[in-house]
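Report on the structure
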2 protein chains.
Amino acid sequence: MTHHCTKFSGHWKIIVFDEESFQGRRHEFTSECSNVMELGFETVRSLRVESGAWVGYEHASYQGQQFVLERGEYPQCDAFGGSNAYHIERLTSFRPIACANHRECRMTIFERENFLGRKGELSDDYPSLQAMGWCNNEVVSSTSSTFFKIYFTFQKQSCLRLSRQFVCYQYPGYRGYQYIMECDRHCGEFKHFKEFGSHCQTPQIQSIRRIQQ
Amino acid sequence: MTHHCTKFSGHWKIIVFDEESFQGRRHEFTSECSNVMELGFETVRSLRVESGAWVGYEHASYQGQQFVLERGEYPQCDAFGGSNAYHIERLTSFRPIACANHRECRMTIFERENFLGRKGELSDDYPSLQAMGWCNNEVVSSTSSTFFKIYFTFQKQSCLRLSRQFVCYQYPGYRGYQYIMECDRHCGEFKHFKEFGSHCQTPQIQSIRRIQQ
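Residues numbered from 1 in each chain as written. Chains lettered and ligands numbered in written order. Predicted model: local features only at pLDDT ≥ 70, side-chain atom pairs only at ≥ 80, totals over all residues. Heavy atoms only, no water.

Across its full length, chain A holds 1 helix and 15 strands. Considering only contacts within chain A whose residues lie at least 6 apart along the sequence, 68% involve residues at least 24 apart. Accessible area of chain A: about 8100 Å², with a carbon and sulfur share of 47%. (Helix = DSSP H or I, 4+ residues; strand = E, 2+ residues; numbered from the N terminus. Contact = heavy atoms within 4.5 Å. Areas by Shrake-Rupley, 256 points an atom, 1.4 Å probe, with all protein chains shown as cover.)

Residue and element names in this part refer to chain A. Structurally, the position occupied by Gly56 is in strand E5 (residues 53-59). Take Gly56: its relative accessible area is 0%, and that puts it in the buried class. Sequence spacing of Gly56 and Pro96 is 40 residues, and the spatial spacing of their C-alpha atoms is 8.9 Å. Excluding residues that lie within four positions of it along the chain, Gly56 makes contacts with Gln65, Gln66, Phe67, Leu69, Leu91, Ser93 and Phe94. (Buried < 20%, exposed > 50% of the residue type's maximum accessible area, 1.4 Å probe, protein only.)

A separate point is the UniProt feature "domain: Beta/gamma crystallin 'Greek key'" (unreviewed entry) in chain A. On the UniProt side, "domain: Beta/gamma crystallin 'Greek key'" (unreviewed entry) is annotated at positions that read residues 12-51 and 52-98 of chain A here. For residues 12-51 of chain A, the helix share is 0%, the strand share is 50%, and the end-to-end C-alpha distance is 5 Å. (UniProt positions renumbered as here; feature names shortened; annotations may be inferred.)

Bringing the packing of aromatic side chains into the picture now. Per the counting criterion, the structure on display carries 15 aromatic pairs over all chains. Between B:Trp54 and B:Phe94, the ring centres sit 6.1 Å apart and the planes meet at 65°, which makes this aromatic pair edge-to-face. In this pair, B:Trp54 sits in strand E5 (residues 53-59) while B:Phe94 sits in strand E8 (residues 93-97), placing the two residues 40 residues apart along the sequence. As far as the burial class goes, B:Trp54 and B:Phe94 line up, both buried. Ring centres 6.2 Å apart and planes at 55° place the aromatic pair B:Tyr177 and B:Tyr179 in the tilted group. Taken individually, B:Tyr177 and B:Tyr179 each receive the classification buried, so the pair is uniform in this respect. Joined through ring pairs, the aromatic side chains of A:Tyr169, A:Tyr174, B:Tyr169 and B:Tyr174 make up one cluster. Of note, B:Arg48 hangs over the ring of B:Phe22, and the distance from its end group to the ring centre comes to 4.8 Å. Here the basic side chain of B:Arg209 rests over the ring of B:Tyr174, its NZ or CZ set 6.0 Å away from the ring centre. (Phe/Tyr/Trp six-rings, centres within 6.5 Å; stacked < 30°, edge-to-face > 60°. Lys NZ or Arg CZ within 6 Å of the ring centre and 35° of its normal.)

For the rest of this paragraph, the subject is the pairing of strand E9 (residues 107-112) of chain A. For E9(A), the tally of buried residues reaches 5 of 6 residues, placing the bulk of the element in the interior. Taking the residues between adjacent antiparallel strands as the criterion, E9(A) and strand E10 (residues 116-122) of chain A are bridged by 3 residues, where A:Asn114 takes a positive phi near 60°. (Pairing = 2+ DSSP bridges.)

Here we take up the pattern of salt bridges. Evaluated as defined, the whole model comprises 20 salt bridges over all chains. Where A:Arg48 meets A:Glu73, a salt bridge forms, and the shortest distance between an N and an O atom there is 2.7 Å. Of this pair, A:Arg48 sits in strand E4 (residues 46-51) while A:Glu73 sits in strand E7 (residues 72-74), and the two are 25 residues apart along the sequence. According to the relative accessible area criterion, A:Glu73 is buried, its value standing at 0%. Taking the shortest distance from any N to any O, the salt bridge between A:Asp124 and B:Arg210 comes out at 3.7 Å. Taken together, the residues span two chains, with A:Asp124 in the loop between E10 and strand E11 (151-153) and B:Arg210 in strand E15 (residues 207-210). Relative accessible area serves as the criterion here: at 7%, A:Asp124 is assigned to the buried category. Residues participating in the shared-partner salt-bridge network are A:Asp124, A:Asp125, A:Arg210, B:Asp124, B:Asp125 and B:Arg210. (Salt bridge = Lys/Arg side-chain N within 4 Å of Asp/Glu carboxyl O.)

Right, let's get into the domain arrangement of chain A. All names here are of chain A. According to the domain assignment, chain A consists of domain 1 (13-97) and domain 2 (107-210). Domain 1 puts 14 residues into the contact, and the matching count from domain 2 is 17 residues. Summed over the shared surface of domain 1 and domain 2, the number is 1 salt bridge. Between Glu70 and Arg209 there is a salt bridge, and its shortest N-O distance comes to 2.8 Å. (Domains from an automatic or database assignment.)

Attention now goes to the environment of B:Ser207. All names here are of chain B. Along the chain, the position of Ser207 falls in strand E15. Residue Ser207 is classed as buried on the basis of its relative accessible area, which comes to 0%. Taking C-alpha positions, Ser207 is 13 Å from Ser123, a pair spaced 84 residues apart along the chain. If we ignore the near neighbours within four places in the chain, the residues touching Ser207 are Tyr126, Pro127, Ser128, Leu129, Val167, Cys168, Tyr169, Tyr171, Pro172, Gly173, Tyr174 and Arg175. Within the structure, the side chain of Ser207 is placed 2.6 Å from the backbone oxygen of Tyr171, a separation counted as a polar contact. (Polar contact = N/O pair within 3.5 Å; in protein donor to acceptor, adjacent residues only side chain to side chain.)

Before going further, it helps to spend a moment on the confidence of the model for chain A. All names here are of chain A. Taken over all residues, the pLDDT of chain A has a mean of 74, while the share at 70 or more is 69%. Taken together, the stretch residues 1-9 has pLDDT below 50 and engages in 20 contacts with residues farther than four places along the chain or on a different chain. In this model, residues 137-163 is a region of pLDDT below 50 whose contacts with residues beyond four sequence positions or in other chains number 108 contacts. With a pTM of 0.81, the predicted complex shows an ipTM of 0.80. (pLDDT = per-residue confidence, 0-100.)

Moving on, we get to the pairing of E15(B). Residues and elements named next belong to chain B. In E15, alternate side chains face the same way, and those of Ser207 and Arg209 on one face and Ile208 and Arg210 on the other are all buried. Of the pairings in the sheet, the one linking strand E12 (residues 165-171) to E15 comprises 4 bridges and is antiparallel in character. Across the sheet, the residue bridging to Phe166 is Arg210, located in E15.

Structural data, given as structure tokens:
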């Protein structure tokens with residue numbers, strides 16, 4: 001069974017399985033799925049992204065932990081779950097995500113909420129924000145946290161709708177919680193960490209990268 | 001206590017703790033450590049990379065799972081363990097890794113061992129090798145694996161020693177097992193997956209990125 005989507009038809013395709021290693025019940029999608037349980041799945045235990053990039057969610061209706069699913073194979077939950085720290089065993093909803101040429105990605109980050117404090121322009125992948133100078137200004141003791149509080153907006157002067165999708169991570173090297181930042185959500189503005197995602201407890205971001213189509 | 005290293009002195013610094021959240025016993029290093037247990041640590045449960053990039057290993061003497069540690073904070077094992085699929089609770093040895101300007105990174109990949117089959121040049125970050133056309137040529141059924149077998153060498157014509165460190169991942173989006181590829185190991189050539197690392201069982205690589213200094 002294939003679900004079609006006018007918006008994305010033909011450009012996005014994902015195949016999900018209810019058992020590991022691409023076994024068991026199988027469903028193919030070219031558009032979003034708000035609740036895979038409605039198709040008789042208990043959960044998704046393996047999947048293959050055949051075209052486009054997708055965002056998977058822990059719960060139905062695109063709630064809970066979110067994680068990027070780019071082209072390739074995910075033979076078990078461990079392969080698509082984003083983080084050891086918050087290990088998830090379920091993928092219940094997913095949707096296509098629009099991306100474009102890596103070179104066109106632009107994002108502006110701010111040190112404080114409501115777009116205050118230090119400002120930085122992003123256009124590449126950054127496995128360590130600290131390595132590019134995004135340390136906070138507090139005096140740091142060896143036992144205190146230096147997590148950064150970073151808030152996002154998209155540059156007004158680069159408005160290509162398909163060129164501005166980023167994924168932010170809690171820890172360096174693209175580990176930990178993932179937050180998908182899209183220019184067509186929240187008007188492309190994320191003034192407070194509560195807008196990062198329903199699972200976001202604090203604005204702790206240590207790595208950021210573009211999403212590959 | 002600080003350990004110094006002539007080769008890297010002053011450019012690399014990591015602080016490790018034997019309890020989570022930067023608590024408990026603390027050690028600061030500017031050079032490699034082949035066995036943190038010799039310093040009275042049972043294991044490392046949190047760490048902060050203050051400068052340079054490092055590679056951590058599951059076991060002593062740089063054996064077992066390996067994972068990149070770039071600048072930033074890792075408040076618990078889950079933050080530096082590379083993979084859900086092979087969750088590790090220990091970091092026993094670690095060493096600095098030499099990196100340079102992202103723009104100078106170059107790597108040549110081959111489809112088959114001993115540098116045979118299709119060839120590709122890498123100089124960027126690739127969260128999905130499939131998305132850049134690295135699918136294998138087999139006819140793929142929905143239940144078969146299409147993992148890629150990829151073998152590595154470094155381009156002879158770009159010999160900047162500090163410009164050619166990559167980390168390869170088992171799954172897309174920088175998930176799963178990590179394999180650190182350095183031009184000064186194995187003469188910069190990795191002809192067989194057994195050279196990727198002591199924990200490597202198969203040459204399954206789905207994403208590759210540069211390491212950030």
